[in-house]
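Here is what each chain is made of, one letter per residue.
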Amino acid sequence: QVQLVESGGGLVQAGGSLRLSCAASGRVFSTLAWFRQAPGKKREFVAAAGWTGDSTTYADSVKGRFTISRDNAKNTVYLQMNSLKPEDTAVYYCAARATVIAMYDYWGQGTQVTVSS
């Protein structure tokens, strides 16, 4: 059974940092990614990491502030978030896909990140 379990969300002041973790189980994934959804908005892509961890992509809104990394031995992906802004407030979801051309079929339950001004 495939599971993605996020942790590490919370409340932080603007300019602060948080580190999210997502532990995957049940299978190995080609790509592990983070998405987020703010109240009243559509879910949006944040960052993704390929199998080697060297292949990473970021949304323009988080480039230079967020870093995605993965530990394949632990089947875990991380999102280091620095210089947080109030507009980063959202529920953050871990997502996974089996191959680079597949859809993101696997999702975690989400973790709340709140950035106060």
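Here's what I pulled together on the structure shown here. (Residues numbered from 1 in each chain as written. Predicted model: local features only at pLDDT ≥ 70, side-chain atom pairs only at ≥ 80, totals over all residues. Heavy atoms only, no water.)

On to the side chain of Arg-36. With respect to the element layout, Arg-36 can be found in strand 4 (residues 31-37). Within the structure, Arg-36 has its side chain in polar contact with the side chain of Glu-44 (distance 2.6 Å). Within the structure, Arg-36 has its side chain in polar contact with the side chain of Tyr-92 (distance 2.9 Å). Those residues in contact with Arg-36 that lie beyond four places of it in its chain are Lys-42, Arg-43, Glu-44, Val-46, Ser-61, Val-62, Phe-66, Glu-87, Asp-88, Ala-90, Val-91 and Tyr-92. (Helix = DSSP H or I, 4+ residues; strand = E, 2+ residues; numbered from the N terminus. Polar contact = N/O pair within 3.5 Å; in protein donor to acceptor, adjacent residues only side chain to side chain. Contact = heavy atoms within 4.5 Å.)

For the rest of this paragraph, the subject is the pattern of salt bridges. The final tally for this structure, using the stated rule, is four salt bridges. For Asp-88, the salt bridge identified is with Arg-36, shortest N-O distance 2.9 Å. Of this pair, Asp-88 sits in the loop between strand 8 (76-81) and strand 9 (90-97) while Arg-36 sits in strand 4, and the two are 52 residues apart along the sequence. We note a salt bridge from Arg-65 to Asp-88, for which the minimum N-O separation is 2.7 Å. Taken as a pair, Arg-65 in the loop between strand 6 (56-58) and strand 7 (66-71) and Asp-88 in the loop between strand 8 and strand 9 lie far apart in primary sequence, 23 residues in all. Where salt bridges share partners, they join Arg-36, Glu-44, Arg-65 and Asp-88 into one cluster. (Salt bridge = Lys/Arg side-chain N within 4 Å of Asp/Glu carboxyl O.)

In this section: unusual backbone geometry. One non-glycine residue, Asn-75, lies in the positive phi region at around 50°. Mapping Asn-75 onto the fold places it in the loop between strand 7 and strand 8. Residue Asn-75 is classed as buried on the basis of its relative accessible area, which comes to 13%. A positive phi is found at Ser-83, a non-glycine position, where the angle reads about 50°. With respect to the helices and strands, the residue Ser-83 is situated in the loop between strand 8 and strand 9. With a relative accessible area of 42%, Ser-83 lands in the partly exposed category. (Buried < 20%, exposed > 50% of the residue type's maximum accessible area, 1.4 Å probe, protein only.)

Our next topic: the packing of aromatic side chains. Using the criterion set out here, one finds five aromatic pairs in the structure. Ring plane angle 80° and centroid distance 5.6 Å describe the contact between Phe-35 and Phe-45, whose orientation is recorded as edge-to-face. Within this pair, whereas Phe-35 is found in strand 4, its partner Phe-45 is found in strand 5 (residues 44-49), the two being separated by 10 residues in sequence. The exposure class of Phe-35 is buried, given its relative accessible area of 12%. Residue Phe-45 is classed as partly exposed on the basis of its relative accessible area, which comes to 28%. Feature note: the residues Phe-35, Phe-45, Tyr-104 and Trp-107 constitute an aromatic cluster, connected by ring pairs. Stacked on the ring of Tyr-93, the Lys or Arg Arg-43 has its end atom at 3.9 Å from the ring centre. (Phe/Tyr/Trp six-rings, centres within 6.5 Å; stacked < 30°, edge-to-face > 60°. Lys NZ or Arg CZ within 6 Å of the ring centre and 35° of its normal.)

Right, let's get into the sheet that holds strand 3 (residues 18-25). Read from one edge of the open sheet, four strands run 1-3-8-7, paired in antiparallel fashion. Looking at which strands have only one partner, the edges of the open sheet turn out to be strand 1 (3-7) and strand 7. Strand-to-strand twist in this sheet, taken as the mean axis angle between neighbours without regard to direction, amounts to 15°. Direction of pairing for strand 1 relative to strand 3: antiparallel, over a ladder of five bridges. Its bridge partner lying in strand 3, Leu-4 is registered against Ala-24. (Pairing = 2+ DSSP bridges. Axes fitted to C-alpha atoms, helices over the stretch in contact; angles between N-to-C directions.)

In short, shape yes, function no, at least from these values alone.
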